[in-house]
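A closer look at the structure
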Amino acid sequence: MKRWLLLLLVLVSLDALAVTNVRGRVDVAVGEGVLPMAGATVSMCAVGQACTDYVTGPDGMYYFTVAAGDHLIKINGAEKLRVAVPDQETFDVDPLVVR
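Residues numbered from 1 in each chain as written. Predicted model: local features only at pLDDT ≥ 70, side-chain atom pairs only at ≥ 80, totals over all residues. Heavy atoms only, no water.

Moving on, we come to the sheet that holds strand β3 (residues 41–46). Read from one edge of the open sheet, four strands run β4-β3-β6-β7, paired in antiparallel fashion. The sheet is open, and its two edges are formed by β4 (51–55) and β7 (78–85), each paired on a single side. Looking at each pair of strands side by side, their axes are set apart by 25 degrees on average, direction ignored. Note: β3 against strand β6 (residues 69–75), five bridges, orientation antiparallel. The residue bridging C45 from the neighbouring strand is L72, located in β6. (Pairing = 2+ DSSP bridges. Helix = DSSP H or I, 4+ residues; strand = E, 2+ residues; numbered from the N terminus. Axes fitted to C-alpha atoms, helices over the stretch in contact; angles between N-to-C directions.)

What follows concerns the pairing of β7. Two faces make up the sheet, and in a regular strand the side chains alternate between them. The pairing of β6 with β7 spans seven bridges and is antiparallel. Residue I75 lies in a different strand from β7, and its bridge partner there is A78. Hairpin connection between β6 and β7: a loop of two residues separates the two successive antiparallel strands, and N76 in this loop has a positive phi of roughly 50 degrees.

Attention now moves to the packing of aromatic side chains. Counted by the stated rule, this structure contains three aromatic pairs. Look at Y54 and Y63: their rings are 5.9 Å apart centre to centre, the planes differ by 75 degrees, and that puts the pair in the edge-to-face class. Residue classification places Y54 among the partly exposed positions, given a relative accessible area of 30%. According to the relative accessible area criterion, Y63 is partly exposed, its value standing at 41%. Seen in terms of ring centroids, Y62 and F64 are 6.0 Å apart; in terms of plane orientation they differ by 55 degrees. Their pairing is tilted. Pairwise contacts between aromatic rings join Y54, Y62, Y63 and F64 into one cluster. (Phe/Tyr/Trp six-rings, centres within 6.5 Å; stacked < 30°, edge-to-face > 60°. Buried < 20%, exposed > 50% of the residue type's maximum accessible area, 1.4 Å probe, protein only.)

Following this line, the structure appears as structure tokens:
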């Protein structure tokens, strides 16, 4: 019985360590097209919890490592997208366009 409880505890602990690498790009609308938005502050917020910020580079890309679940993505403080992050190694968010 103790071995089963120990095994259960280990499995639950490993599941709690599961994280997903989230990546995406912020674009800015320019005339008829879009360009990568450098210097944008992207916030990834687990619903009901604190946010983590990332400033995009010249390619407009952002990267986060988060637990699976519902998250809110903000760009420069404005709510942009609510996304359900799956429990998998990598999750790509479609480009977000700022106008």
